[in-house]
Amino acid sequence: MSQDKLKQAVAQAAIDYIAPCLNRDSIVGVGTGSTANYFIDALSIIRHTFDAAVASSKVTAERLLGHGIPVVDLNSIGTIDFYIDGADESDYKLNLIKGGGGALTGEKIVASVAKTFICIADESKLVNTLGQFPLPVEVIPMARSYVARKIVALGGEPIYRQGVVTDNGNVIIDAHWMTIANPRQLEQDLNQVTGVVSNGLFAYRPANLLLLGTPAGIRQLTAS
């Protein structure tokens, strides 16, 4: 089974999981990326069963609106029922690396107000230790060189993601070759660097449920 087919299957599994819980007052948070796009496509079929969606990026908002799904500003609501998004990596405690698509700050904000965070991914994203995938760090432009030096001090190799500007007008540095044995500590250490807006570690707010697409079917994991 191709990776795209696995993504489609796991997106549908997320729909099947949340559909019985939705009502006309429900708000669904939606992430950014290829797997999230498959989820949006499937979500459009049941758009009459919930009130609206909150988007983690401008690209996601455009796709939701294109499917006829109303999008509301997060500032206008309190909490959301579900947040569904993909991941670049997940460990068995459901700590995640996200932000390969550049929307890590919006994703982290929406995830933080969700009652339930469901991560959807194909089985290649599950790892024993995070860090094989470069860790994205969103940075205020004038602090780029300073933050890069701090990433080196923390054991990473910083590479500026050229030509990428986030929805917030910032740049991204990808920290390569980091073995992340303590995701919560590294998330905190990076966030304390002046000039860092956020980083792609989701350890203080990990997923509640991981749905993995495998050739044998959907595998469900909760934090161990």
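Our subject in this report is the structure included herewith. (Residues numbered from 1 in each chain as written. Predicted model: local features only at pLDDT ≥ 70, side-chain atom pairs only at ≥ 80, totals over all residues. Heavy atoms only, no water.)

Here we take up the overall build of the chain. For the chain, the count of helices and strands is six helices and 13 strands. Its C-alpha atoms give the chain a radius of gyration of 17 Å, near enough to 17 Å, the size a compact globule of 224 residues would have. When its C-alpha atoms are laid out on the principal axes, the chain stretches across 50 × 40 × 30 Å. Per-residue burial for the chain yields a buried fraction of 52% across its 224 residues. Long-range pairs, those at least 24 residues apart, make up 74% of the contacts in the chain between residues at least 6 apart in sequence. For the chain, the accessible surface area stands at approximately 10,100 Å², while carbon and sulfur atoms represent 51% of it. Positive and negative side-chain charges of the chain, numbering 18 and 21 respectively, have mean locations separated by a distance of 2 Å. (Helix = DSSP H or I, 4+ residues; strand = E, 2+ residues; numbered from the N terminus. Rg over C-alpha atoms; globule rule 2.2 N^0.38 Å. Buried < 20%, exposed > 50% of the residue type's maximum accessible area, 1.4 Å probe, protein only. Contact = heavy atoms within 4.5 Å. Areas by Shrake-Rupley, 256 points an atom, 1.4 Å probe, with all protein chains shown as cover. Lys, Arg positive; Asp, Glu negative; His and termini not counted. Charge placed at Lys NZ, Arg CZ, Asp CG, Glu CD.)

Attention shifts here to the sheet that holds strand 5 (residues 96-97). As summarised here, the arrangement of the three strands in space is 4-5-11, forming an open sheet in which the pairing is antiparallel. Strands at the two margins of the open sheet, each flanked by one partner only, are strand 4 (89-90) and strand 11 (201-202). (Pairing = 2+ DSSP bridges.)

All right, on to unusual backbone geometry then. A positive phi angle, close to 65 degrees, is found at Leu94, a residue other than glycine. If you trace the backbone, Leu94 turns up in the loop between strand 4 and strand 5. With a relative accessible area of 0%, Leu94 lands in the buried category. A positive phi is found at Trp177, a non-glycine position, where the angle reads about 60 degrees. Considering the arrangement of structural elements, one finds Trp177 in the loop between strand 9 (171-176) and helix 6 (183-191). The class of Trp177 is exposed, set by a relative accessible area of 66%.

For the rest of this paragraph, the subject is the side chain of Asn95. Relative to the helices and strands, Asn95 is located in the loop between strand 4 and strand 5. In this structure Asn95 comes out as buried when scored by relative accessible area, which is 8%. Those residues in contact with Asn95 that lie beyond four places of it in its chain are Glu89, Ser90, Leu130, Pro183, Phe202, Ala203 and Pro206.

Further remarks concern a nonpolar patch on the surface. The grouping of Ile140, Met142 and Val197 at the surface amounts to a nonpolar patch, some 320 Å² of accessible area in total. Tracing the backbone shows Met142 in the loop between strand 7 (135-139) and helix 5 (144-153). With relative accessibility at 79%, the residue Met142 sits in the exposed group. (Patch = residues over 30% accessible without salt bridge, like charges linked within 9 Å, V, L, I, M, F, W, Y side chains within 5 Å. Salt bridge = Lys/Arg side-chain N within 4 Å of Asp/Glu carboxyl O.)

Before going further, it helps to examine the pairing of strand 7. Counting buried residues along strand 7, five of its five residues qualify, which places the element largely inside the surrounding structure. Here strand 7 pairs with strand 9 via five bridges, running antiparallel. Its bridge partner being in strand 9, Glu138 is matched across the sheet by Ile172. Looking at chain direction, strand 7 and strand 10 (residues 196-199) are connected through three bridges and run antiparallel. Of the residues in strand 10, the one forming a bridge with Val139 is Val196.

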